[in-house]
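What follows is the residue order along each chain.
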Amino acid sequence: MVQERLGRLRARMEQEGLDAYLILTEDFHGSEYVGDYFKCRSYLSGFTGSAGSLVVLKDTAGLWTDGRYFLQAEEQLSGSGITLFRAGEEGVPELPDFLAEKLPEGGRLGFDGRSVNCRLAQGLAKKLKNKSIEFMYGKDLVGEIWENRPALSAEPVMLLGEQYTGRSRAEKLAQIRGLMKEKKADYFILSSLDDIAWLLNIRGGDVTCNPVVLSYLAVSQDELVLFVNEQTLSGEVRDALAADGVTFAPYNDVYEYVKKIPEGSMLYADEAKTNYALLSSRAPGVELTDGENLTALPKCIKNETEVENERKAHIKDGVALTKLIFWLKQNVGREEITELTAADKLEELHRQQENYMGPSFEPIIGYAEHGAIIHYSATQESSVLLKPRGMVLMDTGGQYLEGTTDVTRTVVLGPVTEEEKRAFTLVLRGNLNLGAAKFKYGVCGQNLDYLARFPMWEEGLDYNHGTGHGVGCFLNVHEGPVSFHWRINPAGRRICTVLEEGMIISNEPGLYFGGKFGIRTENLIVCRKAEKTEYGQFMNFETLTMVPIDLDAVLPETMSRKERALLNDYHKKVYETISPYLTDEEADWLKDATRAV
């Protein structure tokens with residue numbers, strides 16, 4: 001199937017005179033997760049991970065993905081004729097270098113310019129300049145060969161009230177227009193869907209698990225144009241948006257709008273979040289200023305209403321997941337439970353919670369060796385039976401009107417080895433130490449990443465993913481610009497984002513042993529102000545996630561006294577918070593599961 005599709009694409013490439021064709025994961029908006037219409041890379045390669053870049057040449061093809069997906073990609077690309085390039089690994093060329101080597105002098109590189117961000121396209125142009133490579137970005141060749149391609153999503157748009165957002169649409173717009181004045185910007189083009197949803201206090205369902213609306217937004221001091229499928233807007237939504245100055249235009253008209261921006265104007269856009277075709281549409285006399293979306297930082301800093309709502313969402317989520325863990329402990333080995341039926345059970349428990357709107361990502365429930373596949377997603381073919389031995393890794397999350405959750409627990413189902421216990425405890429120690437960090441204002445996530453990794457680094461171990469990402473409020477589960485990551489890219493623009501009060505970030509160290517088992521322990525934490533002294537303002541974290549950590553895999557003797565105290569304090573809070581919502585049997589179990597060590 002994959003080879004046949006590659007053959008059809010190569011036939012179209014030959015007709016267009018192309019030497020290579022680039023297919024990325026993104027939609028027209030740079031989204032991490034995309035609707036079915038945009039899954040060109042998955043359609044062509046068979047690789048379904050949420051990150052990856054595919055290059056097809058006349059006689060070869062390669063796919064680049066990161067450490068989260070190495071094992072998954074190896075399995076899914078087997079027999080496809082596509083070579084896996086493990087991005088970031090020693091000796092593996094980066095995609096631009098690969099193209100610079102493979103493309104002939106004066107060659108032609110094709111891609112859909114709507115699905116490639118401007119930053120990447122400019123980087124490719126710079127890398128390929130010496131070979132005088134020509135870009136052909138006006139045709140979607142994969143779309144042309146894709147039979148029965150799904151339609152663009154057109155789910156209804158909903159308004160999100162201030163009892164959830166904490167700020168009105170008018171307040172946010174005033175803030176963004178103020179930032180435009182500081183930047184001397186006449187126009188601000190916004191393509192990223194979560195930024196548009198945040199700014200307009202709207203939500204939708206056009207991307208699975210992400211409550212966003214397929215749209216673009218153009219902002220000036222006297223105009224606000226939402227480019228959207230107007231059939232998705234009810235009268236109530238139209239009236240509410242119009243009352244704050246929003247006008248409406250068809251979704252694809254944004255390209256004509258950009259073409260008509262008057263020469264001499266200054267257009268502000270985030271080139272890493274805006275597609276190449278859109279920004280290439282502007283007139284030659286329109287100056288482009290590249291910068292991080294003006295909405296990114298305000299969205300990332302949650303107000304007190306949002307933080308309080310997130311606490312409520314995490315209680316609901318904690319109840320559902322605690323009930324699932326209890327159910328697994330009681331029933332594995334007594335009835336047939338697979339990775340998929342465990343996910344179904346969690347969804348059933350989630351739906352018992354008020355204001356639950358669906359999962360925040362496809363659940364990752366990996367038993368035994370499947371737990372070592374960092375973003376494993378069970379299918380009917382891969383789903384295995386859970387047995388009363390070893391561990392199951394469960395990375396799950398929910399969307400609630402009150403907020404977004406993301407939690408990972410590795411649960412013991414029966415006897416575990418000393419190796420598994422030692423690894424579990426190393427991961428736990430990293431999680432506890434990062435969650436307990438206290439630091440001066442001005443610190444970035446890169447400064448703190450070591451706290452999570454040092455127990456593993458001391459043993460010569462590591463995990464091949466970031467330690468944490470920002471999380472939205474009833475929005476995208478992965479939200480920039482804040483993160484925990486040890487790697488600093490001197491060439492990157494976003495080197496460091498200062499940790500501000502109200503930022504919600506995941507804390508998720510892990511260890512993975514291919515073919516054996518994987519462990520991850522993840523809590524969401526919110527940055528808070530601590531005391532202010534003569535030395536400055538100090539900051540710390542509050543843990544939002546309320547789910548027990550499995551003591552059956554903990555080696556308390558390998559933990560410091562402080563680490564044991566942190567675990568005991570956390571478990572005391574989990575029991576006090578969650579037990580009132582459980583049955584007597586579940587509460588009795590939770591009391592033992594959160595006992596002091």
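Residues numbered from 1 in each chain as written. Predicted model: local features only at pLDDT ≥ 70, side-chain atom pairs only at ≥ 80, totals over all residues. Heavy atoms only, no water.

1. A closer look at the overall build of the chain
Heads up, the rule is: Think of it this way: any DSSP run of H or I at least four residues long counts as a helix, any run of E at least two long counts as a strand, and we number them from the N terminus. Our radius of gyration is a C-alpha quantity, and the globule rule it is checked against amounts to 2.2 Å times the number of residues to the power 0.38. In this scheme, a residue with accessible area under 20% of its type's maximum is buried, one over 50% is exposed, and one in between is partly exposed, where area comes from a 1.4 Å probe on protein chains only.
On a plain count of helices and strands, the chain comes out with 19 helices and 28 strands. Taken against the 2.2 N^0.38 rule, which gives 25 Å for 597 residues, the C-alpha radius of gyration of the chain at 24 Å falls within 12% of a compact globule. Each principal axis of the C-alpha atoms in the chain carries an extent, and together these give about 70 × 55 × 50 Å. Buried residues in the chain amount to 59% of all 597 residues.

2. Things to note about the packing of aromatic side chains
Which entries qualify depends on this criterion: Each pair of aromatic rings taken from Phe, Tyr and Trp, with Trp reduced to its six-membered ring, is defined by centres within 6.5 Å and is described as stacked if the planes are under 30 degrees apart, edge-to-face if over 60, and tilted in the remaining cases.
Here the structure, examined in full by the defined rule, presents 25 aromatic pairs. Here tyrosine 450 and tryptophan 457 contribute two aromatic rings whose centre-to-centre distance is 5.8 Å and whose plane-to-plane angle is 50°, an arrangement assigned as tilted. Accessibility expressed as a relative area gives 46% for tyrosine 450, which makes it partly exposed. Among the aromatic residues, those joined into a cluster by ring pairs are Phe111, Phe135, Tyr137 and Tyr276.

3. What about the sheet that holds strand E20 (residues 407-412)?
Filter applied, for reference: Strands were regarded as paired on the criterion that DSSP finds at least two bridges between them. Axis geometry follows a simple rule: fit a line to the C-alpha atoms, using only the stretch in contact for helices, then measure angles between N-to-C directions, giving values from 0 to 180 degrees. Any two residues whose heavy atoms approach within 4.5 Å at even a single point are treated as in contact.
Pairing in this open sheet of 3 strands is antiparallel, and the strands run E16-E17-E20 from one edge to the other. In this open sheet, the two strands that pair with only one neighbour each are strand E16 (364-367) and E20. Ignoring which end each strand starts from, the neighbouring axes of this sheet average 10° apart. Contacting E16 and strand E17 (391-396), helix H15 (residues 339-350) runs over the sheet at an angle of about 140° to E16.

4. Some details on the nonpolar core
Nonpolar side chains tend to gather and get buried jointly when the protein is soluble and globular. Applied cut-off: The nonpolar core is taken to be a set of buried Ala, Val, Leu, Ile, Met, Phe, Trp, Tyr and Cys residues, with the residues joined through side-chain atoms within 4.5 Å.
With 159 residues, the main nonpolar core has Leu109, Leu328, Leu499 and Phe541 as its most contacted residues. Of all the elements, helix H14 (residues 304-331) adds the most residues to this core, at 8 residues. Phenylalanine 541 has contacts with Leu434, Gly435, Ala437, Phe439, Leu448, Phe484, Leu499, Ile505, Ile525, Val526 and Cys527, leaving out every residue within four places of it along the chain. Formed by 26 residues, the second largest nonpolar core is a distinct cluster that contains Leu6, Leu9, Phe47 and Ala51.

5. A look at the packing of H14 against H15
Going by this rule: Small angles under 35 degrees read as roughly parallel and large ones over 145 as roughly antiparallel, with 65 to 115 read as roughly perpendicular and the rest as oblique. Take the far helix as your reference; a near helix turned counterclockwise from it by less than a right angle gives a left-handed crossing, and one turned clockwise gives a right-handed crossing. Think of it as three bins: nonpolar holds Ala, Val, Leu, Ile, Met, Phe, Trp, Tyr, Cys and Pro, charged holds Asp, Glu, Lys and Arg, and polar takes everything else, Gly as well.
Running from N to C, H14 and H15 cross one another at 140°; their axes reach a closest spacing of 9 Å. It follows that H14 is oblique to H15 by the angle criterion. Considering how the two elements wind past one another, H14 and H15 form a crossing that is right-handed. For the pair formed by H14 and H15, the contact residues are Asp317, Ala320, Leu321, Lys323, Leu324, Trp327 and Leu328 on the first element and Ala342, Lys345, Leu346, Leu349 and His350 on the second. For the contact of H14 with H15, the per-class residue count stands at 8 nonpolar, 1 polar and 3 charged.

6. A word on the pairing of strand E2 (residues 53-57)
Across the 5 residues of E2, 5 count as buried, placing the element largely inside the fold. Here E2 shows no split at all, with Ser53, Val55 and Leu57 on one side and Leu54 and Val56 on the other all buried. Taken together, the 4 bridges between E2 and strand E3 (residues 61-65) define a ladder with antiparallel strand orientation. Residue valine 56 lies in a different strand from E3, and its bridge partner there is alanine 61. Hairpin connection, E2 to E3: the antiparallel pair is bridged by 3 residues.

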